[in-house]
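# Structural characterization, general
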Amino acid sequence: MTSSHADCRYCLQSLRGRKYALRDENAYCVPCYDSLYANLCEECKQPIQCSSKDLAYKGRHWHEGCFKCAKCSRSLVEKPFAAKDEVLLCTECYSDEYSSKCFHCQKTIMPGSRKMEFKGSSWHESCFVCQYCRQPLGTKPLITKDNENYCVPCFEKQFAHHCYSCKKVITSGGVTCHDQPWHKECFVCAGCKIQLYGQSFISKDEYPYCVDCFSKLYAKKCATCKKPITALGSAKYISFEERQWHGECFNCAKCSVSLVGREFITRQDDILCHECGSA
C-alpha cells in the first residue's frame, strides 16, 4: 500500500510514494518488514515476503507454492490433508500409507470416515453387517463363525443347536442322546422326570428313562426271579417260548444245576435238566 506515514519505523527512510506494511500500528518499508517479521517457509526455508501469501498450520508456515503433499507433490492449497510426524500428506497418500484396510472388502478406510473395530480388525461401517440378514451390526451382540459375523438371532437360526425337549437354543454345555441335543436341565427321565445328566439311563423311542422306570415300563421279567432283565444287569439272558431268564436264573427247577449251554426238558412251567426230567 502507498504510505500516508512519513518514515519507516526501522530504517527511518521516507515512505512517501513507497509500499509499506503495518505492524502494531507502525509502518515499515517492505525490505525492513521482511527482514524483521517474515516467517520462514517450512519447505524451502526462505522468508515468506509480505507480498506473498503465507499459509500457516499449527504454528508453521509455507509459501503457497510450497504447500504440497510430501509424497506425491500435489498442491494442498484449499484441499483436505492430514499430518503424520509433522509431514503433510494429501488424503489419498495418507490412506495408502497409514489407513486401515477393511477386513471385509479390503479397501482403505478413509480418514474421517467411521470405522468399526472387532477382534483387532477394522471394517467400514457399511461392511460390518450380519452375514445372513445383511443388517448393520453396530454395537449389537454378535457371533463369529468361519470369519463371518452374525447377529445373535441369525446365528441361532442358522447354526445353534435347539434342545430336543424344549426346542430352545442351547448356548453352552448340553447333552447328546441318539444324535439329539438336550439342555442338561431338560435331560430328564421320561417317566419320573428325575435329571439324568451323569446318571445311568436307557433310551427308548429317542427318550431317556432311568433304570427303574424303564424296568417298570418296558423290561421283560425273568421267569424265575420275576425281576426285570435289563442291559445294566447280567450280560447273558436266555429266551425260550416267549419266556426269558437271567443267565444265573436259568437253572433246573429240581436240582438247581445251571442249564446254560445244556439240554433241558420243560414240564408245565418248569424247566428241568435231562437227568431230573428223565427220572
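Calculation notes
Residues numbered from 1 in each chain as written. Predicted model: local features only at pLDDT ≥ 70, side-chain atom pairs only at ≥ 80, totals over all residues. Heavy atoms only, no water. Phe/Tyr/Trp six-rings, centres within 6.5 Å; stacked < 30°, edge-to-face > 60°. Helix = DSSP H or I, 4+ residues; strand = E, 2+ residues; numbered from the N terminus. Domains from an automatic or database assignment. UniProt positions renumbered as here; feature names shortened; annotations may be inferred. Polar contact = N/O pair within 3.5 Å; in protein donor to acceptor, adjacent residues only side chain to side chain. Contact = heavy atoms within 4.5 Å. Buried < 20%, exposed > 50% of the residue type's maximum accessible area, 1.4 Å probe, protein only. pLDDT = per-residue confidence, 0-100.

Under an unreviewed UniProt entry, the name given to the chain is Four and a half LIM domains protein 5, and the source organism is Grallaria varia.

Turning next to the packing of aromatic side chains. Tallied over the entire structure, the rule returns 20 aromatic pairs. Ring plane angle 50 degrees and centroid distance 5.2 Å describe the contact between F103 and W123, whose orientation is recorded as tilted. Of this pair, F103 sits in the loop between helix 2 (91–98) and strand 7 (115–118) while W123 sits in strand 8 (residues 121–124), and the two are 20 residues apart along the sequence. Centre to centre, the rings of F187 and F201 are 5.1 Å apart; their planes meet at 90 degrees, and the pair counts as edge-to-face.

Glancing now at the domain arrangement of the chain. Taken domain by domain, the chain consists of domain 1 (115–159), domain 2 (174–217) and domain 3 (225–278). Between the C-alpha centres of domain 1 and domain 3 there is a distance of 66 Å.

The sites that UniProt annotates as "domain: LIM zinc-binding" (unreviewed entry) are residues 39–99, 100–161 and 220–279. Segment residues 39–99 splits into 13% helix and 26% strand. End C-alpha atoms: 33 Å apart.

Moving on, we come to the side chain of Q244. Checked against the element boundaries, Q244 lands in strand 18 (residues 243–246). Within the structure, the side chain of Q244 is placed 3.3 Å from the side chain of S239, a separation counted as a polar contact. In this structure Q244 touches K220, K221, C222, A223, I229, Y237, I238 and S239, once residues within four positions along its chain are discounted.

Moving on, we get to unusual backbone geometry. Backbone geometry at K167 places phi at a positive 70 degrees, although glycine is not the residue there. Exposure remark for K167: the relative accessible area of 54% places this residue in the exposed category.

The next thing to look at is helix 1 (residues 30–37). Residues of helix 1 that are buried: C32, Y33 and D34. Against the buried residues of helix 1 lie strand 1 (20–23) and strand 2 (26–29).

Looking now at the confidence of the model for the chain. In this model, the chain carries an average pLDDT of 83, and 95% of its residues clear a pLDDT of 70 or more. Within the chain, no element has a lower average pLDDT than strand 16 (residues 228–229), which sits at 78, and none a higher one than strand 4 (residues 60–63), at 91.

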